[in-house]
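Each chain, written out:
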Amino acid sequence: MLKKENIIGTKSAIKAIKAIKAIIAIIAISAFAPFAAMAQSDMLFSQSWALPSLYNPAHSGETDFLRIRGGARLQWIGVDNAPKSFVGTGDIPFKIGERRIGAGAVVSQESIGLFSNLLTAIQGSYRLKFLKGNLSIGIQLGYYNSRFKGSEVYIPDGDDFHQPVDPSIPTQDLSGNAFDFSLGLSYSRRNFHIGIAAAHATDPSVTLSLEGSESTESQQYETELPRILYFDTGGNIPLKNTLFQLQPSMIVATDFSSLSADISLRATYNKFLTLGIGYRWKDAVSFMAGASFKNFFIGYAFDYPTSALSKASSGSHEIVAGYQLKLDLSGKNKNKHRSIRIM
């Protein structure tokens, strides 16, 4: 005879499977729907494993820690107007009754040539038990701002491709805003995790107008923030009878017209010092080093280009730093207080 607990567990599993199918369908539709050619894209950090919620909102609140992380990346040193990125993420888990909820926030600023893009977003996730592990479903609601420094456009005399006055190239500063939406799934079990996300699922189209004015239609331009599909996975492998842990990770990003894939392997000694190496497909080799002390973390990565860019650039530099605080979500001892004299 089936027990009541088994029947309830089976029903919960069926509901979870239906929810997973629905979310995957939405992600697939968002990713494969027709979209315009890429005008802007997200910066992929070599230490993406240290910024999980930046690429997938389902990773927000998935641990028992309050996590705050910040990062900066200077791409292709030596190349004029090369990309520069600055990000900040924060996430926290909490419980509403027996339900496990996550909340997070993301701020991302990137400059590429004469473009400057800013994304601010909030995240929410719901976590449930599934197949002896944890399944998290997350969404992200954001505000996207794009600016173009048209006043810095320079067309040299005798240019064979552009006229001195080209109506398709604005010569005044422009800006525009758009609503942004992303969603994702992640699954974790013991020392393993996997995730998939559709970033910018609504394929925002940003209308750029003259800053500080009500522009006419002839003064407006459009840029796209294309849908991007992210796939990430990683693990933590303790080596028996040693103080070492191996941490492989991989992230793949595609808008189905271009693809970026980054794979890395790190070795951590005594949960303190980390060294690693990575490879970005058809782009660069990465060398990483980091350290954790109590609740603090700092990591550095250097990318050496393997493409023709090596003739113009000495490489890319990246730094990520963060803080995390362990939270007690068990609900036990919630009425006990510690003496301020012995805190």
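Residues numbered from 1 in each chain as written. Predicted model: local features only at pLDDT ≥ 70, side-chain atom pairs only at ≥ 80, totals over all residues. Heavy atoms only, no water.

**Some remarks on the overall build of the protein**
Part 1 of the reasoning: Per the secondary structure count, the protein includes two helices and 17 strands.
Part 2 of the reasoning: By residue count, 41% of the 343 residues in the protein fall in the buried class.
Part 3 of the reasoning: Across the protein, the fraction of contacts at a sequence separation of at least 24, relative to all contacts at a separation of at least 6, is 56%.
Part 4 of the reasoning: As presented, the protein carries roughly 19800 Å² of accessible surface, and 62% of it is formed by carbon and sulfur atoms. (Helix = DSSP H or I, 4+ residues; strand = E, 2+ residues; numbered from the N terminus. Buried < 20%, exposed > 50% of the residue type's maximum accessible area, 1.4 Å probe, protein only. Contact = heavy atoms within 4.5 Å. Areas by Shrake-Rupley, 256 points an atom, 1.4 Å probe, with all protein chains shown as cover.)

**A closer look at the side chain of Arg73**
Part 1 of the reasoning: Topologically, Arg73 is positioned in strand β1 (residues 65–77).
Part 2 of the reasoning: With residues near it in sequence (within four places) discarded, Arg73 still touches Met43, Leu44, Phe45, Ser46, Pro83, Lys84, Ser85, Arg280, Asp303, Ser316, His317 and Glu318.

**Examining the confidence of the model for the protein**
Part 1 of the reasoning: This prediction gives the protein a mean pLDDT of 83; 78% of its residues lie at or above 70.
Part 2 of the reasoning: Note on residues 1–9: pLDDT is under 50 here. Beyond four places in sequence and across chains, it has one contact.
Part 3 of the reasoning: Throughout residues 333–343 the model reports pLDDT below 50, and contacts reaching past four residues in sequence, or to other chains, amount to one contact. (pLDDT = per-residue confidence, 0-100.)

**Looking at the pattern of salt bridges**
If the charged atoms of two oppositely charged side chains come close together, the side chains can form a pair.
Part 1 of the reasoning: Going through the model one piece at a time under the given rule, you end up with eight salt bridges.
Part 2 of the reasoning: Taking the shortest distance from any N to any O, the salt bridge between Glu318 and Arg73 comes out at 2.6 Å. Residue Glu318 is found in strand β17 (residues 315–326), and its partner Arg73 is found in strand β1; the two are separated by 245 residues along the sequence.
Part 3 of the reasoning: Across the salt bridge formed by Asp262 and Arg280, the nearest N and O atoms sit 3.1 Å from each other. Here Asp262, found in strand β13 (residues 259–269), pairs with Arg280, found in strand β14 (residues 273–280); they are 18 residues apart in sequence, far enough to count as distant. The pair Asp262 / Arg280 is uniform in exposure class, with both members buried. (Salt bridge = Lys/Arg side-chain N within 4 Å of Asp/Glu carboxyl O.)

**What to know about the nonpolar core**
Part 1 of the reasoning: Core analysis: the biggest nonpolar cluster contains 17 residues, and Phe45, Leu51, Leu54, Tyr55, Tyr230 and Val320 have the highest contact counts within it.
Part 2 of the reasoning: Of all the secondary structure elements, the ones that give two or more residues to this core are α2 (52–55), β7 (192–199), β10 (228–235) and β12 (244–254).
Part 3 of the reasoning: Excluding residues that lie within four positions of it along the chain, Phe45 makes contacts with Leu51, Leu54, Tyr55, Gly71, Ala72, Arg73, Ser85, Val87, Arg280, Glu318 and Val320.
Part 4 of the reasoning: Core analysis: the second largest hydrophobic core is formed by nine residues, Leu119, Tyr144, Ala178 and Val206 among them. (Core = buried A, V, L, I, M, F, W, Y, C linked by side-chain atoms within 4.5 Å.)

**Looking at the side chain of Gln123**
Part 1 of the reasoning: Checked against the element boundaries, Gln123 lands in strand β4 (residues 115–130).
Part 2 of the reasoning: Gln123 sits in the buried class, given a relative accessible area of 7%.
Part 3 of the reasoning: There is a polar contact of 2.8 Å between the side chain of Gln123 and the backbone oxygen of Ser53.
Part 4 of the reasoning: When sequence neighbours within four positions are dropped, the list of residues in contact with Gln123 reads Ser53, Pro57, Ser60, Gly102, Ala103, Gly104, Ala105, Val106, Ile139 and Gln140. (Polar contact = N/O pair within 3.5 Å; in protein donor to acceptor, adjacent residues only side chain to side chain.)

**Side note on the packing of aromatic side chains**
Part 1 of the reasoning: Evaluated as defined, the whole model comprises six aromatic pairs.
Part 2 of the reasoning: A cation over a ring is seen here: Lys326 above Phe65, with NZ or CZ 5.2 Å from the ring centre. (Phe/Tyr/Trp six-rings, centres within 6.5 Å; stacked < 30°, edge-to-face > 60°. Lys NZ or Arg CZ within 6 Å of the ring centre and 35° of its normal.)

**Focus on the environment of Thr254**
Part 1 of the reasoning: Relative to the elements of secondary structure, Thr254 occurs in strand β12.
Part 2 of the reasoning: Along the sequence, Thr254 and Ala198 sit 56 residues apart, while their C-alpha atoms lie 10.0 Å from each other.
Part 3 of the reasoning: Not counting residues within four places of it along the chain, the set of residues in contact with Thr254 comprises Arg227, Ile228, Leu229 and Leu259.
Part 4 of the reasoning: Reaching out from Thr254, the side chain makes a polar contact with the backbone oxygen of Ser258 at a distance of 2.9 Å.

**Description of unusual backbone geometry**
Part 1 of the reasoning: Even without a glycine there, the phi angle at Trp76 is positive, about 50 degrees.
Part 2 of the reasoning: Tracing the backbone through its elements, the reader meets Trp76 in strand β1.
Part 3 of the reasoning: A relative accessible area of 25% means that Trp76 is categorised as partly exposed.
Part 4 of the reasoning: At Lys282, a position not held by glycine, the phi torsion is positive, near 55 degrees.
Part 5 of the reasoning: Within the fold, Lys282 resides in the loop between β14 and β15 (284–293).

**Focus: the pairing of β4**
Part 1 of the reasoning: As paired strands, strand β3 (residues 99–112) and β4 are joined by 13 bridges and run antiparallel to one another. Of the residues in β4, the one forming a bridge with Arg100 is Arg127.
Part 2 of the reasoning: From the end of β3 to the start of β4, which pair antiparallel, there are two residues, and Gly113 there has a positive phi angle of about 60 degrees.
Part 3 of the reasoning: Both β4 and strand β5 (residues 133–149) contribute to a ladder of 16 bridges, which runs antiparallel. Bridged to Gln123 within β5 is Gln140.
Part 4 of the reasoning: The hairpin turn running from β4 into β5, its antiparallel successor, is two residues long, and Leu131 in that turn takes a positive phi close to 50 degrees. (Pairing = 2+ DSSP bridges.)

**Describing the environment of Leu185**
Part 1 of the reasoning: By the secondary structure assignment, Leu185 is in strand β6 (residues 173–189).
Part 2 of the reasoning: In sequence terms Leu185 and Ile137 are 48 residues apart; their C-alpha atoms lie 4.8 Å from each other.

**Details of a nonpolar patch on the surface**
Part 1 of the reasoning: A cluster of nonpolar residues, Ile237, Leu239, Leu243, Phe244, Tyr269, Phe272, Leu273, Leu275 and Phe293, forms a patch on the protein surface that exposes about 850 Å² of accessible area.
Part 2 of the reasoning: For Leu243, the position within the fold is in the loop between β11 (237–238) and β12. (Patch = residues over 30% accessible without salt bridge, like charges linked within 9 Å, V, L, I, M, F, W, Y side chains within 5 Å.)

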